[in-house]
Amino acid sequence: RGGSKGVPNKNLIPINGIPLIAYSFIQAKKAKVFDVIACSSDSAEILGVAREFGAEILVKRPNSLALDTSPKIPVIRHCMLSVEESLGVKTDLVVDLDATAPIRDPRHIKEVYGLVQESTVSNVITGVPSRKSPYFNLVELFSDGSSTYPKLSKSCSKKITRRQDAPRCFDMNASIYAWRRESLLSMDRLFGVGTRLYEMPEVTAFDVDTEIDLEIVKILMNKYDFD
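The following refers to the structure shown. (Residues numbered from 1 in each chain as written. Predicted model: local features only at pLDDT ≥ 70, side-chain atom pairs only at ≥ 80, totals over all residues. Heavy atoms only, no water.)

A look at the environment of Lys110
Argument step 1. Relative to the helices and strands, Lys110 resides in helix H4 (residues 106-115).
Argument step 2. On a C-alpha basis, the gap between Lys110 and Phe206 in space is 20 Å, while along the polypeptide they are 96 residues apart.
Argument step 3. Other than its neighbours up to four places away in sequence, Lys110 contacts Ala31 and Val33. (Helix = DSSP H or I, 4+ residues; strand = E, 2+ residues; numbered from the N terminus. Contact = heavy atoms within 4.5 Å.)

A closer look at the packing of helix H1 (residues 22-31) against H4
Argument step 1. Where H1 meets H4, the closest approach of the two axes is 8 Å, and the angle between their N-to-C directions is 65 degrees. The handedness of the crossing between H1 and H4 comes out as right-handed. Residue-level inspection shows Gln27, Ala28, Lys30 and Ala31 of H1 in contact with H4, the latter providing Pro106, Ile109 and Lys110.
Argument step 2. Of the residues assigned to the contact of H1 with H4, the class counts are four nonpolar, one polar and two charged. (Axes fitted to C-alpha atoms, helices over the stretch in contact; angles between N-to-C directions. Left-handed = near helix turned anticlockwise from the far one by under 90°. Nonpolar A, V, L, I, M, F, W, Y, C, P; charged D, E, K, R; others polar.)

Concerning the side chain of Asn173
Argument step 1. Looking at the secondary structure, you find Asn173 in the loop between strand E9 (170-172) and strand E10 (176-180).
Argument step 2. Of the polar contacts made by the side chain of Asn173, one reaches the side chain of Thr204; its length is 3.2 Å.
Argument step 3. If we skip the residues at most four places from it in the chain, Asn173 touches Ala101, Thr126, Gly127, Val128, Met200, Thr204, Ala205 and Asp207. (Polar contact = N/O pair within 3.5 Å; in protein donor to acceptor, adjacent residues only side chain to side chain.)

Observations concerning the nonpolar core
Argument step 1. Judged by nonpolar contacts, the single largest core of 43 residues is most densely connected at Ile15, Ile21, Phe25, Cys39, Phe53, Val124 and Ile176.
Argument step 2. Those elements that provide at least two residues to this core are H1, helix H2 (44-52), strand E5 (93-97), H4, strand E6 (123-129), E10 and helix H6 (211-223).
Argument step 3. Looking at this core, the element that brings in the most residues is H1, giving six residues.
Argument step 4. If we ignore the near neighbours within four places in the chain, the residues touching Ile176 are Val95, Asp96, Leu97, Arg104, His108, Ile109, Val112, Val124, Ile125, Thr126 and Met200. (Core = buried A, V, L, I, M, F, W, Y, C linked by side-chain atoms within 4.5 Å. Buried < 20%, exposed > 50% of the residue type's maximum accessible area, 1.4 Å probe, protein only.)

Here's the deal with H4
Argument step 1. Every buried residue of H4 is listed here: Pro106, His108, Ile109, Val112 and Leu115.
Argument step 2. Considering only its buried residues, H4 is in contact with H1, E5, E6, E10 and strand E11 (195-199).
Argument step 3. A distance of 3.0 Å separates the backbone nitrogen of Arg107 from a side-chain oxygen at the start of H4, and that oxygen is part of Asp105.

Quick look at the packing of aromatic side chains
Centre distance and the angle of the planes are the two values used to describe a pair of aromatic rings.
Argument step 1. By the definition in use, this model includes two aromatic pairs.
Argument step 2. Judged by centre distance (6.4 Å) and plane angle (85 degrees), the rings of Phe34 and Tyr113 are edge-to-face. Taken together, the positions of Phe34 in the loop between H1 and strand E3 (38-41) and Tyr113 in helix H4 put the pair 79 residues apart, joining distant regions of the chain.
Argument step 3. Look at Phe34 and you get partly exposed, because its relative accessible area is 23%.
Argument step 4. Judged by centre distance (6.2 Å) and plane angle (15 degrees), the ring pair of Tyr177 and Trp179 falls under stacked. Of the two residues examined, Tyr177 and Trp179, each falls in the buried class.
Argument step 5. Across the ring face of Phe142, the terminal group of Lys151 is positioned such that the distance to the ring centre comes to 5.3 Å. (Phe/Tyr/Trp six-rings, centres within 6.5 Å; stacked < 30°, edge-to-face > 60°. Lys NZ or Arg CZ within 6 Å of the ring centre and 35° of its normal.)

Here you go:
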């Protein structure tokens, strides 16, 4: 999307000399599992950069799907149907590489691609072990009508005195999403009985929503090879 608010024009900000969005196309090509690489955007400039770095089909995103409030699934669904119309064929699988989460490598993409093809799987999300546990040190604010107070976000049947004893939780890292075609057409939420989580290394936890995120991603992309 062209109109990002937290970090203006973040998709085009250079990291190591190339635009942020370019990493997703470079990684997609290196994964060598895709028949078609496409880019959906409302921005002509972003679509131009996408073509330069390997996008084969450019999908002009309608304004109604390019708002601050636009959910992800209808955008991906529109992109898939546009690609199918352009090629005259139906796809089997769709993998979304989020442009703002470039800290991934082709191995992660290939393993998600393999997981979504399993017969019991409808779609795949990615995440990293949560740094804060809702059972131990993640709180919400509650009100009893007279005062507002913090309370653990989730309760557990057993007493938990160490974070390590809490149920395993994950932070979604917005890196890779994958769907079977029929699941993408029928699901309006990311989570269902057939949803699976692919665990990624802690270093991949950061996607660019704020200026601080951008600085962290720049440091990590300079330190590790993620293209």
